[in-house]
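Below, each chain spelled out in residue letters.
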Amino acid sequence: QVQLVESGGGLVQAGASLRLSCAASGRSYGMGWFRQAPGKEREFVASISRSGIEIYYADSVKGRFTNSRDNAKNTVYLQMNSLKPEDTAVYYCAARAGIATATVRTYEYDYWGQGTQVTVSS
């Protein structure tokens, strides 16, 4: 069982930056970030393989968000730049059980964090 704890969310103005962190209680494999806005379904944001070589982004965040990881700390990061009001959502970290590759599919993740709120004002 892997526990995930996200941090780094907050309230910022449009154009600002935030960095989310996700600390895993044990060895982490393929990791992903998802978000859910009020009244909407959870959507894929970014994912990264254990090696850090394979990284995927949603088109809506490509060029603005950067996904990275530090395996020595069992932590993944989501650097979010040029934030827009439409980025407002609860952001969730997710981990795959024993699978090192990245994936964009929600159902392929086995562990989820509690989420951290990101609010971007216009």
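So, here is what we can say about the structure in this document. None of the values given here were measured: they were computed from a predicted structure.

1. Focus on the overall build of the chain
- A tally of regular secondary structure across the chain gives 0 helices and 11 strands.
- Counted from the first residue to the last, the chain has its helices and strands arranged as β-β-β-β-β-β-β-β-β-β-β.
- For the chain, the C-alpha radius of gyration of 13 Å lies close to 14 Å, the compact-globule estimate for 122 residues.
- The dimensions of the chain, computed from C-alpha atoms along their principal axes, are 40 × 25 × 25 Å.
- For the chain, the accessible surface area stands at approximately 6100 Å², while carbon and sulfur atoms represent 48% of it.

2. Describing the nonpolar core
- Core analysis: the largest hydrophobic core is formed by 31 residues, its most contacted members being Leu4, Leu78, Met80 and Tyr91.
- Put simply, the parts of the chain that give this core at least two residues each are strand S3 (18–24), strand S4 (31–36), strand S5 (43–48), strand S8 (75–80), strand S9 (89–95) and strand S11 (116–121).
- Top contributing element to this core by residue count: S9, with 5 residues.

3. Regarding the pairing of S11
- Of the two faces of S11, the one lined by Thr116, Val118 and Val120 is fully buried and the one lined by Gln117, Thr119 and Ser121 carries no buried residue.
- Relative to S11, strand S2 (residues 10–13) is paired through 4 bridges, and the arrangement is parallel. In the strand pairing of S11, Val12 is matched with Val120.

4. Some thoughts on unusual backbone geometry
- Unusually for a residue other than glycine, Asn74 sits at a positive phi of about 50 degrees.
- Of note in the backbone geometry, Ser82 takes a positive phi value of approximately 50 degrees without being a glycine.
- If you trace the backbone, Ser82 turns up in the loop between S8 and S9.

5. Details of the pattern of salt bridges
- Across all of its chains, the model carries 6 salt bridges by this definition.
- The salt bridge involving Arg35 is made with Glu43; its shortest N-O contact spans 2.6 Å.
- Here Glu43 falls in the partly exposed class, since its relative accessible area comes to 36%.
- Between Asp87 and Arg64 there is a salt bridge; the shortest N-O distance is 2.8 Å. With a gap of 23 residues between them, Asp87 in the loop between S8 and S9 and Arg64 in the loop between strand S6 (55–57) and strand S7 (65–70) connect regions that are remote in the sequence. In this structure, Asp87 and Arg64 share a single accessibility class: buried.
- A single salt-bridge network, built from bridges that share partners, covers Arg35, Glu43, Arg64 and Asp87.

The rules we used
- Residues numbered from 1 in each chain as written.
- Predicted model: local features only at pLDDT ≥ 70, side-chain atom pairs only at ≥ 80, totals over all residues.
- Heavy atoms only, no water.
- Helix = DSSP H or I, 4+ residues; strand = E, 2+ residues; numbered from the N terminus.
- Rg over C-alpha atoms; globule rule 2.2 N^0.38 Å.
- Areas by Shrake-Rupley, 256 points an atom, 1.4 Å probe, with all protein chains shown as cover.
- Core = buried A, V, L, I, M, F, W, Y, C linked by side-chain atoms within 4.5 Å.
- Buried < 20%, exposed > 50% of the residue type's maximum accessible area, 1.4 Å probe, protein only.
- Pairing = 2+ DSSP bridges.
- Salt bridge = Lys/Arg side-chain N within 4 Å of Asp/Glu carboxyl O.

Just geometry here; none of it tells us what the structure is for.
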